Amino acid sequence: MNIRVKFRKYGTLKFIGHLDVMRYFQKAIRRAGLDICYSEGFSPHMIMSFASPLGVGLTSDGEYMDIRVNTSPSSGEALARLNETMAEGMEVLSWKQLPADSKNAMSVVAAADYELRFRPGYRPEEGWQEKFRKFLSLDQILVDKKTKKGQKTLDIRPWIYQWETNGDGIFLQVSAGSVHNLKPELLMQAFGLWSGLEIPPSSFLVHRKEIYADQGTDGRHRFVPLEAAGEDIE
Amino acid sequence: MKKSALSDEILLSIQQPARYIGGEVNACRKDKEKVDIRFAMCFPDVYEIGMSHLGIQILYDMFNSREDIWCERVYAPWTDLDKIMREQKIPLFALESQDPVKDFDFLGITIQYEMCYTNILQILDLSQIPLEASGRTKEHPFVIGGGPCAYNPEPLAEFFDLFYIGEGETQYFRLMDLYKEWKKSGASRETFLKQAAAIEGIYVPSLYDVSYHTDGTIASMTPICPEAPKKVKKQAVSNMTDTFYPEKPVVPFIRATQDRVVLEIQRGCIRGCRFCQAGMLYRPLRERSLPVLKEYARKMLANTGYDEISLSSLSSSDYPKLKELVYFLIDECGSKGVNISLPSLRIDTFSLDVMSKVQDIKKSSLTFAPEAGSQRLRDVINKGLTEEDILTGAGQAFEGGWNRVKLYFMLGLPTETEEDRKDIARLAEKIAEKYYEIPKDKRTGKCQIVVSTSFFVPKPFTPFQWARMCTQEEFLDRAYVVNHEIKEQLNRKSIKYNWHEADVTVLEGILARGDRKVGAVIKKAYEKGCLFDSWSENFRNDLWMEAFEACGIDMDFYTTRERAMDEKFPWDFIEIGVSRAFLEREWKRALEEKVTPNCRQGCSGCGASVYQGGVCHEHTRQVP
Ligand code: SF4
């Protein structure tokens, strides 16, 4: 059976890169004694895939991985066993059984929520919120993106679904996943260039809040958190 | 929430920030207000290397088993962070608490190889602890060294307050208790050092005077106070089953060099290869019992979640219950997705069977370490591996589907001739021929033989401690001979040859058999910018040469010079059990090309039986 696990990553564990997070969970699952499925062969590996790699330096309340297990205890027990063995900076939030026909997390990612917060002492000058509002009222936001083939100019405005500024930060809901993955850092870089404000990447913290699938039909988005695809195991 | 000694900005600007944040699974956290002693345990190399070291894990576990001690880990900041810490004057910190090392009671440094000596100075320097022990006050931690290089601590004598000679399990608690008493008493630093010197196995370099002959060799080494013993006795655990072992080792977030559970099945070695320092230092051979090892394996896998387990010892094939242990692991691990990483084993039916079970034959290779090309030279070094053993083993493996072989040799061994070197190539050729004897339809493609040579470094406490060491040019010439001879072989296309630079080997030789005078060179080299010398991309031979020049130290004195039989060596004040008389005997037998039986064939009376344990008490007969 397939299980979708939601977890959060905080504190100094933001310095652990994606591949190491994967290895971390492989070990955690073994420590917790959960009955995960392995591939065949001389060096069998766990059947495990992540929704969307989180960059080094970012924290998150909404990370997902899918795993396949032979058997599973109740969701409550699985969570307790995993959390028992977590390092500070990782916490498992939900353990849901997926319907047999569901697609894997990575392939359904459509959007993500982010919270950006300026570090103390790095908030741009007065009036940056106003500038940000103007920036987002542009019809087009063009950015240059390096690709394998060279540079490409992209319009990222359509990929920004919701936004809001507050005292020392910004809330963003943006397109994510394999089609258009908009990193908040790229948007902020574009904002800096357009506004002339000094916003180096090290001046703000990025926190991912949630990752969504799109269940909308007829061209309209209906974003639901990835965990909604599964059910708790009693 | 956990604090961090480094800001986010710094951590985001360096490679592998996870090296510095601590907080790994099974890392030990304590309340610093509730402990009496804070011990910073350091491996003076980068995190991934240091985290792979079993000895530190054992001591970490042992210290932290006591409520009054908090032992934390420290590794050498890589060059990127090193630069930032110097610029911003950030003191080096321990991983668990992220507190500065300079506020600890002890800084323990394990000294595993000579080429980390400049990193030891880096650790002290970044910690803002005076490099010389003589410059330290009551405000500073005591700096204590241990590990194999502490068996000749003299080149490092001025940088350490104390050395612990031998295995940490036996005396550290006594030293800690003494420290607690001393701390309460408010007595001077010197008082503690003197009292510590009276503990067996503790060496306090500042309590000894060394005088030299005009030719530069040692005339005498004398204690300057009654507490300091004339001879410092190596510490060894006598019962390996009933001692500390980390059942919950720390699991790094990033991939360490040894990213697996390590089971130390035994300590010591019965073989007596004459070039091998570990083989002499860790005598006698002491095993852990099978039931205990099984228990450790289960617990450690469950507590770490590792997907791999390996066995550690100097010569695993000599572990009497190896078969049972390995088949147990295969049963235990197979279903849980855990791999077994096999140590290099004597190639026979058993090892081939296990290898075929745990590795992909097409991807794995056979390993032989004949160390010398000819039987004559193998007799000189007492390596009991014959050409027949190798060819039979290889033949069996080739029949079983293997086609890759790795061969390890040393160049520059005592008495080595041109013929001996050429025999390396010839042996590789014979193995290749063995492969091509198999009918074509039963072979899996070509065979691949990889020959690697390292350069021989004479080490203290080995029968070869008297030996002359080659110069850089001599070493390289020898490698060229091998290379040339391999090109002459019929199956040269199946043989690949690797060798290393020789400059770092020469330096290793100087530091290994160095005396107190060499300390100045280490300091000078460090000041000139030498760091991470064991990393070829960082090694700066030119700076080291300048340092020797500046200190007026003649390198040949330590390398190519012929040593008299009765020369006093810098390390002679240490007693490792194995006697100097035995080493002398072995050196002479080597020159006579006579082999000496291993401990299980018969005891040669090396002296290590004073440790009251292990193989010396298994048997049997005395070799005349
Ligand atoms: S005393 Fe004998 S058995 Fe013991 S280590 Fe020495 S040679 Fe081997």
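In what follows, the structure referred to is the one given above.
In this report, we go over the structure that sits alongside the text. (Residues numbered from 1 in each chain as written. Chains lettered and ligands numbered in written order. Predicted model: local features only at pLDDT ≥ 70, side-chain atom pairs only at ≥ 80, totals over all residues. Heavy atoms only, no water.)

### Points about the pairing of strand S10 (residues 204–214) of chain A
One face of the sheet, then the other: side chains in a regular strand alternate in exactly this way. All names here are of chain A. The condition that has to hold: Exposure categories follow from relative accessible area, calculated using a 1.4 Å probe and restricted to protein chains: below 20% of the type maximum is buried, above 50% is exposed, and the middle band is partly exposed. Only DSSP runs of H or I with at least four residues qualify as helices, and only runs of E with at least two residues qualify as strands; both kinds are numbered from the N terminus onward. For two strands to be treated as a pair, DSSP must find no fewer than two bridges joining them.
Counting buried positions along S10 gives nine out of 11 residues, so the element sits mostly inside the fold. Alignment of strand S3 (residues 59–68) against S10, held across two bridges, turns out to be parallel. Along S10, the bridge assignment pairs threonine 59 with histidine 207. Here S10 runs beside strand S11 (residues 223–225); their pairing, made up of three bridges, is antiparallel. The residue of S11 that forms the bridge with aspartate 214 is phenylalanine 223.

### Focus: the sheet that holds strand S1 (residues 37–43) of chain B
Residue and element names in this part refer to chain B. If you walk across this open sheet you meet the six strands as S2-S1-S3-S4-S5-S6, and the pairing is mixed. Across the chains shown, the open sheet's two edge strands, defined by having one partner strand only, are strand S2 (69–75) and strand S6 (202–203). Where strand S3 (residues 106–110) lies against strand S4 (residues 142–146), five bridges are found, and the strand directions are parallel. Residue pairing for S4: isoleucine 109 is matched across the bridge by glycine 145.

### Structural notes on helix H17 (residues 518–527) of chain B
All names here are of chain B. Worth spelling out the cut-off: As used here, the arc belongs to the directions running from the helix axis to the C-beta atoms. Whether two residues touch is decided by their heavy atoms; if any such pair falls within 4.5 Å, the residues are in contact.
Among the residues of H17, Val518, Gly519, Val521, Ile522, Ala525 and Tyr526 are the ones counted as buried. With its buried residues spanning 160° around the axis, H17 presents them on a single face. Those residues of H17 that are buried are in contact with helix H4 (79–88), helix H5 (117–126), helix H16 (503–512), helix H18 (541–551) and helix H19 (555–558). Among the residues trailing H17, glycine 529 stands out with phi positive, at a value near 115°.

### A look at the site of the ligand
As a reminder of what qualifies: To be near a molecule or strand, a residue needs just one of its heavy atoms within 4 Å of it. Each residue gets one label: Ala, Val, Leu, Ile, Met, Phe, Trp, Tyr, Cys and Pro are nonpolar, Asp, Glu, Lys and Arg are charged, and the others, such as Gly, are polar.
All residues in the neighbourhood of the ligand are listed as Arg283(B), Cys599(B), Cys603(B), Ser604(B), Gly605(B), Cys606(B), Ala608(B), Ser609(B) and Cys616(B). Partitioning the shell around the ligand into residue classes produces five nonpolar, three polar and one charged.

### A look at unusual backbone geometry
Phi is mostly negative for residues that are not glycine, and the peptide bonds are mostly trans. Residues and elements named next belong to chain B. With omega at -5°, the peptide bond leading from arginine 283 into proline 284 counts as cis. Mapping proline 284 onto the fold places it in the loop between helix H8 (277–281) and strand S12 (286–287). Phi at asparagine 26 takes a positive value of approximately 75°, unusual for a residue other than glycine. In this fold, asparagine 26 is placed in the loop between helix H1 (8–13) and S1. Under the relative-accessibility criterion, asparagine 26 is labelled partly exposed at 22%. The residue asparagine 382 is not glycine, and still its phi comes out positive at about 65°. If you trace the backbone, asparagine 382 turns up in the loop between helix H12 (375–381) and helix H13 (387–399). Residue class for asparagine 382 comes out buried when judged on its relative accessible area of 5%.

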